[in-house]
Amino acid sequence: MSVEIFLLASNSGRVSSEGSVYAIAFFLLFAILGAALAFNIRGAADWFFRIISRVMGGFTGFGSPRMLRIAGGGALFLGLIGLATETVVIIT
């Protein structure tokens with residue numbers, strides 16, 4: 001009985017270090033959407049800005065498609081970092 005309690009207590013709080021295919025898919029999608037906004041592929045940043053301004057009733061403050069491109073660059077960067085990290089975890 002005490003061995004079972006010890007095993008339960010020693011494994012508590014630990015997280016499996018295995019990578020997840022779902023995490024790779026999420027970070028890949030995050031990087032693709034970030035690239036579409038950052039490089040304004042087929043006017044993605046302009047289109048997304050028009051949707052945001054329509055949904056928010058025209059109030060966008062100091063926002064512009066250029067700011068969405070900067071945010072897209074950040075999303076691309078974070079997506080690539082997450083994708084590389086999860087890929088390395090799965091490979092090793």
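Residues numbered from 1 in each chain as written. Predicted model: local features only at pLDDT ≥ 70, side-chain atom pairs only at ≥ 80, totals over all residues. Heavy atoms only, no water.

**Q** Mind showing me how you'd approach the packing of aromatic side chains here?
**A** Any pair of aromatic rings gets described here by the distance separating the centres and the angle formed by the planes. Applying the stated criterion to the full structure yields two aromatic pairs. Ring centres 5.3 Å apart and planes at 65 degrees place the aromatic pair F26 and F27 in the edge-to-face group. Here F26 falls in the partly exposed class, since its relative accessible area comes to 48%. Linked through ring pairs, F26, F27 and F30 together constitute an aromatic cluster. (Phe/Tyr/Trp six-rings, centres within 6.5 Å; stacked < 30°, edge-to-face > 60°. Buried < 20%, exposed > 50% of the residue type's maximum accessible area, 1.4 Å probe, protein only.)

**Q** Before we go on, may I ask you to explain the confidence of the model for the chain in this structure?
**A** Low pLDDT means the predicted atomic positions in that stretch should not be read closely. Confidence along the chain averages 84 in pLDDT terms, with 80% of residues attaining 70 or more. Per-residue pLDDT, averaged within each element of the chain, yields its smallest value for helix α1 (residues 2-11) (52) and its largest for helix α2 (residues 21-38) (94). (pLDDT = per-residue confidence, 0-100. Helix = DSSP H or I, 4+ residues; strand = E, 2+ residues; numbered from the N terminus.)

**Q** Could you clarify how one ought to interpret unusual backbone geometry in this entry?
**A** For residues other than glycine, phi is negative in most cases, and the peptide bonds are mostly trans. Backbone geometry places N40, a non-glycine residue, at a positive phi of 50 degrees. Along the polypeptide, N40 turns up in the loop between α2 and α3 (44-55). Although it is not a glycine, R42 adopts a positive phi angle of roughly 50 degrees.

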